[in-house]
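Chain and residue survey
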Amino acid sequence: MSKEDFRRLGHDLIDWIADYFDNIDERPVLPAIQPGDLKAKLPTVAPAHGESMEKIIEDVDRLIVPALTHWCHPSFFAYFATSTSAPGIFGELLTAAFDNKAMLWRTSPASTELEEVVLDWLRQMMGLDKGMHGIIYDTASVSSLHAIAAAREGVEQRIREEGMSGRPDLPLLRVYVSEHSHNSIEKAVITLGLGQRSLRKIPADKQFRMDARALAEAINEDKRNGHIPFCIVATVGTTSTSSIDPVREIIPIGEEHAMWLHVDAAYAGSAAIVPEFRHILDGCERADSIVTNPHKWLFTPFDLSVLYCRHMDLLKRAFSLVPPEYLRTPEQDKVRSGSDYGIQLGRRFRALKLWMVMRYFGHEGLAARIREHCRLARLFAAWVDESPDWELMAPVPLALVCFRARPKSESDDGEALNQGVIERVNASGRALLSQTRLNDKLTLRLSIGNIRTTEAHVRDIWKLLNEQLAIIIM
Ligand code: PLP
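A few points on the structure. Just so we're clear, the structure is a prediction, and the values are computed from it rather than from any experiment.

**Description of the site of the ligand**
Residues in close proximity to the ligand total 13 residues, the closest being A140, S141, T239, D264 and N293. In this structure, N293 approaches the ligand through a side-chain N or O atom, which is 2.8 Å from an oxygen atom. H295 is positioned with one of its side-chain polar atoms (N or O) 3.3 Å from an oxygen atom of the ligand. Burial of the ligand by the protein amounts to 87% of the accessible area it has alone, namely 400 Å². In the shell around the ligand, the residues fall into 3 nonpolar, 8 polar and 2 charged.

Written out as structure tokens, the structure reads:
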């Protein structure tokens, strides 16, 4: 591509993106398409000859955009609502332009050092102590996997060298989570070869928080049976309800058995940058590791997850190898190389976009947006609470509201009613909600985390919910 074309097309593309955001409100949040619709419109083999960028962008408009779920739509309230931001997009653009593979300090000094600096800024903003050192991975699933690998390394059972299979000398290693933990932890124990049977799910209390007494009993029972309890994963901001496990109560239990405490704050960690929400990380000054996802609630484009770890030596021991000749560098003993701390060799230059987001908004700007999302969630929760037609299904500590349409009779479990509501709302294209199951009841989730969501959007979804409910019960 000539430099003239690059400039012209680049300007055009930024204009295209600006228009996309200007008009995003008018698009259906969820595309009205069926599985296979897009594939049917695409050629089954790659083009033999190059095509013009104009033609390609035209096809983005014609084929790709209609098949997008618009996560940046201000009425996207599903899952954990998240969104990119202008500085984050610019950061991604530059990352793609530099195309660094930050595996060794030498292959990207900027990425290596900026990552350390930016994660230290974030650590301070979240009120974490200096003993926590950050490293970036793609997702929380991968961050947690690395944390559990480091915890396993600390068990001193020569698993790195000898593995786990065919070892009659190795007792069952146990990881403890609440029944509301994210299934990424289960995937991590599968991937690490610990097996699903290593995962012990602890019941939660009425507020969906891990029951610390049940945890202590489970660990004692496992010890009596000769197992090795080695890791507890507490969740600060569970996926279903954003409940916060009682880390302060969990800490002494883990410490008594010299276990690793990993905190999954993938969603809620960002809220700790708001001074009045900092308490959600109470107790984490004694945790061994914490994951938080700036790509969830810090307006940073997917993907960017941060693992804070107190024992970088163990994380390194779990993954590093004596470098082969092709990876040796003169400064290797003086610098940190990202590839020593995980399964990847090459690493994307992700710190750049986070740095740009943090500089553009500042700590106060980011905190103000998160605070506003929490205010909007409380406002919505108050409407639900005051209405005879709806009921709250869980406390609202942050910006996620779990609620449902109240069935008209005791004998009705509300399943069909609420299924009807969510299907109609989502099919309208005007908003998107997701669901969970709490106390065996289908529950609707409204998550507010999009940078473009305003009170008007929250009023709209409330109106839409009530309109759809009225149609169903008519
Ligand atoms: N942990 C929690 C509490 C989550 O809510 C999620 C996703 O929503 C994850 C982990 C997994 O996140 P990721 O997609 O970054 O792996």
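**Quick notes on the packing of aromatic side chains**
Counted under the stated rule, the structure contains 15 aromatic pairs. Here the aromatic rings of F380 and W383 are separated by 6.3 Å at their centres, their planes lie at 65°, and the arrangement is edge-to-face. With a gap of 3 residues between them, F380 and W383 both fall in helix α13 (residues 351-386), about one helical turn apart. As far as burial versus exposure is concerned, F380 and W383 are alike and both buried. Consider the rings of F380 and F403, whose centres lie 5.2 Å apart with planes at 70°: the pair is edge-to-face. Taken together, the residues span a long stretch of sequence, with F380 in helix α13 and F403 in strand β9 (residues 400-405) at a distance of 23 residues. For the pair shown, F380 and F403 are each scored as buried. Aromatic rings pair up to connect F380, W383, W390, F403 and W462 into one cluster.

**With respect to the sheet that holds strand β4 (residues 228-235)**
The 7 strands are arranged β1-β7-β6-β5-β4-β2-β3 in an open sheet whose pairing can be described as mixed. Where the open sheet ends on each side, the last strands, each with one partner, are β1 (133-137) and β3 (199-202). Between one strand axis and the next, the sheet turns by 20° as a mean value, whatever way the strands run. Note: strand β2 (residues 173-178) against β3, 4 bridges, orientation parallel. Looking at the pairing, S178 lines up with I202 of β3. Across the sheet, helix α10 (residues 247-256) lies against β4 and β5 (260-264), angled at about 170° from β4, the strand it touches most.

**Quick notes on a nonpolar patch on the surface**
A cluster of nonpolar side chains, namely M1, F6, M53 and I56, defines an oily patch on the protein surface of about 430 Å² accessible area. On the basis of relative accessible area, M1 is assigned to the exposed category, the value being 67%.

**Points about the packing of α13 against helix α15 (residues 455-473)**
Relative to each other, α13 and α15 sit at 25°, their axes nearing to 10 Å. Our classification of the angle between α13 and α15 gives roughly parallel. Viewed along their axes, α13 and α15 form a crossing whose handedness is right-handed. Facing R375, L376, L379, F380, W383 and V384 of α13, the residues of α15 in contact are E455, V458, R459, I461, W462 and L465. Considered class by class, the residues forming the contact of α13 with α15 number 9 nonpolar, no polar and 3 charged.

**A word on the nonpolar core**
Core analysis: the biggest nonpolar cluster contains 94 residues, and I273, F380, W390, F403, I461 and L465 have the highest contact counts within it. In terms of residues, this core owes the most to one element, α13, which gives 17 residues. Sequence-distant contacts of W390, that is, excluding residues within four places in its chain, are made with V384, F403, R404, A405, R406, V421, L444, W462, L465, N466 and L469. Among the nonpolar cores identified, the runner-up in size contains 36 residues, and A140, L145, A188 and A266 belong to it.

**Structural notes on a negative patch on the surface**
On the surface, D12, D15, D19 and D22 cluster together into a negatively charged patch. Along the chain, D19 falls in helix α1 (residues 3-22). On the basis of relative accessibility, which here comes to 43%, the residue D19 falls in the partly exposed class.

**Side note on the pairing of strand β11 (residues 441-447)**
Most of β11 sits out of view: 6 of its 7 residues are buried. Here β9 pairs with β11 via 4 bridges, running antiparallel. Across the sheet, L400 pairs through a bridge with S447, a residue of β11. Remark: 2 residues form the turn of the hairpin made by strand β10 (residues 434-438) and β11, two consecutive strands paired antiparallel; N439 in that turn has positive phi of roughly 45°.

**Here we look at the environment of E162**
One can find E162 in helix α7 (residues 159-162). On the accessibility criterion, E162 (45% relative accessible area) is partly exposed. Spatially, the C-alpha atom of E162 lies 28 Å from that of K201, the residues being 39 residues apart in sequence.

Scoring rules and cut-offs
- Residues numbered from 1 in each chain as written.
- Predicted model: local features only at pLDDT ≥ 70, side-chain atom pairs only at ≥ 80, totals over all residues.
- Heavy atoms only, no water.
- Near = heavy atom within 4 Å.
- Polar contact = N/O pair within 3.5 Å; in protein donor to acceptor, adjacent residues only side chain to side chain.
- Areas by Shrake-Rupley, 256 points an atom, 1.4 Å probe, with all protein chains shown as cover.
- Nonpolar A, V, L, I, M, F, W, Y, C, P; charged D, E, K, R; others polar.
- Phe/Tyr/Trp six-rings, centres within 6.5 Å; stacked < 30°, edge-to-face > 60°.
- Helix = DSSP H or I, 4+ residues; strand = E, 2+ residues; numbered from the N terminus.
- Buried < 20%, exposed > 50% of the residue type's maximum accessible area, 1.4 Å probe, protein only.
- Pairing = 2+ DSSP bridges.
- Axes fitted to C-alpha atoms, helices over the stretch in contact; angles between N-to-C directions.
- Contact = heavy atoms within 4.5 Å.
- Patch = residues over 30% accessible without salt bridge, like charges linked within 9 Å, V, L, I, M, F, W, Y side chains within 5 Å.
- Salt bridge = Lys/Arg side-chain N within 4 Å of Asp/Glu carboxyl O.
- Parallel < 35°, antiparallel > 145°, perpendicular 65-115°, else oblique.
- Left-handed = near helix turned anticlockwise from the far one by under 90°.
- Core = buried A, V, L, I, M, F, W, Y, C linked by side-chain atoms within 4.5 Å.
- Lys, Arg positive; Asp, Glu negative; His and termini not counted.
- Charge placed at Lys NZ, Arg CZ, Asp CG, Glu CD.

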